[in-house]
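Tertiary structure, described
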Amino acid sequence: VVVGSGPAGLGAAAQLNKAGHEVTLFERKDRVGGLLRYGIPDFKLEKWVIERRVGVMEQEGVNFRVNTNIGVDIEAKQLLNDFDAVVLAGGSTIPRDLPIPGRELKGVHFAMDFLEQSNRRQAGDQLPAESDIWATDKHVVVIGGGDTGADCVGTSNRHRAASITQIE
């Protein structure tokens, strides 16, 4: 069994399957792909690429189970009873916070919350209006200069932000 369907989980499942193992992959969200699907915007990775790869893996025999949160829906020790080996590839879901004045103010968001919403919107999902994050007509400040920061800048630009400042 592989827990997590991001890049590491998909890679592990594919390799184990090619080595002749029967593989089941669990994903807690509603679609396979993890960071590939929810963290990387379509302008960098179109989601049909993920769908194509998952389709190939399914044809090769990998079993995918979405909407299954290990530790919540299935006890972790149950995996040890049901499977010969367990690969944990859950990724990091806890963002690093900045303990600075103003962090608690409205309009300050973690990158992955912003990017996941944009990716879900792009996929046609309906989001609750009260928690919807948009950069449209706002003055956006992105803290961080890595890939995730660049994705936030690109997404804010596509939202037509009034201005975008990136700090590294």
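Everything that follows concerns the structure shown earlier in this document.
All of the points below concern the structure found in this document. (Residues numbered from 1 in each chain as written. Predicted model: local features only at pLDDT ≥ 70, side-chain atom pairs only at ≥ 80, totals over all residues. Heavy atoms only, no water.)

1. Some points on the overall build of the protein chain
Looking only at helices and strands, the protein chain features 6 helices and 6 strands. Projected onto its principal axes, the C-alpha coordinates of the protein chain cover approximately 55 × 30 × 30 Å. The burial tally for the protein chain puts 36% of its 168 residues in the buried class. Restricting to contacts in the protein chain with at least 6 residues of sequence separation, those with at least 24 account for 60%. When the accessible area of the protein chain is evaluated, it comes to approximately 10600 Å², of which 52% is carbon and sulfur surface. Separation between the mean location of the 19 positive side-chain charges and that of the 23 negative ones in the protein chain comes to 4 Å. (Helix = DSSP H or I, 4+ residues; strand = E, 2+ residues; numbered from the N terminus. Buried < 20%, exposed > 50% of the residue type's maximum accessible area, 1.4 Å probe, protein only. Contact = heavy atoms within 4.5 Å. Areas by Shrake-Rupley, 256 points an atom, 1.4 Å probe, with all protein chains shown as cover. Lys, Arg positive; Asp, Glu negative; His and termini not counted. Charge placed at Lys NZ, Arg CZ, Asp CG, Glu CD.)

2. Some words on the packing of helix H5 (residues 111-122) against helix H6 (residues 147-158)
Angle between the axes and distance between the axes are the two parameters that describe a pair of packed helices. Following both chains from N to C, one finds H5 and H6 inclined at 50°, their axes separated by 10 Å at the closest point. Relative to H6, H5 is oriented oblique. For the crossing formed where H5 meets H6, the hand is left-handed. On the side of H5, the interface is formed by Ala111, Phe114, Leu115 and Ser118, while H6 contributes Thr148, Asp151, Cys152, Thr155 and Ser156. (Axes fitted to C-alpha atoms, helices over the stretch in contact; angles between N-to-C directions. Parallel < 35°, antiparallel > 145°, perpendicular 65-115°, else oblique. Left-handed = near helix turned anticlockwise from the far one by under 90°.)

3. Overview of empty space enclosed by the protein
Per the stated rule, a full pass over the model turns up 1 cavity of 30 Å³ or more. Considered as a void within the structure, the largest cavity measures approximately 30 Å³ in volume. For the lining of the largest cavity, the elements supplying multiple residues, two or more each, are helix H2 (35-38) and H5. (1 Å grid on protein atoms, 1.4 Å probe; cavity = no way out; pocket = protein on both sides within 12 Å on 5 of 7 lines; lining within 4 Å. Points joined across faces, edges and corners; volume = space filled by probe spheres on them.)

4. Here we look at the environment of Gly144
Structurally, Gly144 is set in the loop between strand S5 (139-143) and H6. A sequence separation of 124 residues divides Gly144 from Gly20, and the C-alpha atoms of the two residues are 42 Å apart.

5. Topic: the sheet that holds strand S4 (residues 87-88)
Pairing is parallel in the open sheet, where 4 strands are placed in the order S3-S2-S1-S4. Bordering the open sheet on either side are strand S3 (63-65) and S4, each of which pairs with just one other strand. (Pairing = 2+ DSSP bridges.)

6. Details of a nonpolar patch on the surface
A contiguous nonpolar patch, built from Leu98, Ile100, Val141, Ile143 and Ile167 and spanning about 450 Å² of accessible area, is present on the exposed surface. By the element assignment, Ile167 lies in strand S6 (residues 163-167). (Patch = residues over 30% accessible without salt bridge, like charges linked within 9 Å, V, L, I, M, F, W, Y side chains within 5 Å. Salt bridge = Lys/Arg side-chain N within 4 Å of Asp/Glu carboxyl O.)

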